[in-house]
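# A closer look at the structure
So the chains spell out like this:
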Amino acid sequence: ADLVLGAEVFNNNCAACHAGGQNSVINERTLQKGALEQYLAGGFNVEAITTQVTNGKGAMPAWGDRLDEDEIAAVAAYVFDQASGNKW
Ligand code: HEM
């Protein structure tokens, strides 16, 4: 997947609540590896991120009807890459 596109999608759609990989709504549910391992349904992997982005969860909106498949794949790959490399 395209990490440059993923960063653009993230900045335009996710950073409102997840700037710097944080979570301004539920503070401990960050996008960092340890939090994803603990809280993300399905565990720390690209498929689980893709599912949550597509369907939403709780106060997080669903993106399945606002982003196309390539954009969702790209942003999921970007979040996984950032978290796995401890880049945020
Ligand atoms: C949780 C990604 C947009 C609010 C999460 C998680 C991921 C994620 C991977 C799981 C984090 C964890 O459990 O530690 C994204 C992406 C977005 C996006 C890639 C853009 C496409 C947003 C926006 C908001 C938001 C705009 C606020 C309006 C939340 C909340 C949670 C969450 C409240 C916790 C959900 C729960 O477990 O109850 N997000 N998010 N997200 N996100 Fe987002």
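Residues numbered from 1 in each chain as written. Predicted model: local features only at pLDDT ≥ 70, side-chain atom pairs only at ≥ 80, totals over all residues. Heavy atoms only, no water.

## Describing the coordination of the iron atom of the ligand
On the protein side, the iron atom of the ligand has H18 (NE2) and M60 (SD) as donor atoms, found 2.0 to 2.2 Å from it. Here the iron atom of the ligand is ringed by six donor atoms whose angles at the metal span 82 to 179 degrees, and the overall shape comes out octahedral. Of this pair, H18 sits in helix 2 (residues 15-18) while M60 sits in the loop between helix 4 (46-55) and helix 5 (69-84), and the two are 42 residues apart along the sequence. The class for H18 is buried, based on a relative accessible area of 11%. Classification of M60 by relative accessible area gives partly exposed; the value is 22%. (Donors = N, O, S within 2.8 Å, 3.2 Å for Na, K, Ca; no water. Tetrahedral: all angles 85-135°; square planar, octahedral: opposite > 155°, others 65-115°. Helix = DSSP H or I, 4+ residues; strand = E, 2+ residues; numbered from the N terminus. Buried < 20%, exposed > 50% of the residue type's maximum accessible area, 1.4 Å probe, protein only.)

## Details of the site of the ligand
The immediate surroundings of the ligand are formed by 21 residues, with C14, C17, H18, R29 and M60 found nearest. Between a nitrogen atom of the ligand and a side-chain N or O atom of H18, the distance comes to 2.8 Å. One of the backbone N or O atoms of T30 is found 2.7 Å from an oxygen atom in the ligand. Listed by contribution, the elements that provide at least two residues to the shell around the ligand are helix 2, helix 3 (33-39) and helix 4. No other element matches helix 3, which puts three residues into the shell around the ligand. Each residue belonging to the shell around the ligand can be placed in one class, and the counts come to 14 nonpolar, five polar and two charged. (Near = heavy atom within 4 Å. Polar contact = N/O pair within 3.5 Å; in protein donor to acceptor, adjacent residues only side chain to side chain. Nonpolar A, V, L, I, M, F, W, Y, C, P; charged D, E, K, R; others polar.)

## Things to note about helix 4
Buried residues of helix 4: A48, I49, Q52 and V53, and no others. All buried residues of helix 4 fall inside an arc of 130 degrees around its axis, so they share one side. Seen from the buried face of helix 4, the exposed residues on the opposite side, beyond 90 degrees, are E47 and N55. The N-terminus of helix 4 is capped by N45, whose side-chain oxygen sits 3.2 Å from the backbone nitrogen of E47. (Arc of directions from axis to C-beta.)

## Section: helix 1 (residues 3-13)
Within helix 1, the full set of buried residues consists of G6, A7, V9 and F10. For helix 1, the angular spread of buried residues about the axis comes to 165 degrees, placing them on one side. Exposed and oriented more than 90 degrees from the buried face of helix 1 are V4, N11 and N12. Between a side-chain oxygen at the N-terminus of helix 1 and the backbone nitrogen of V4 the separation is 2.9 Å; the capping residue is D2.

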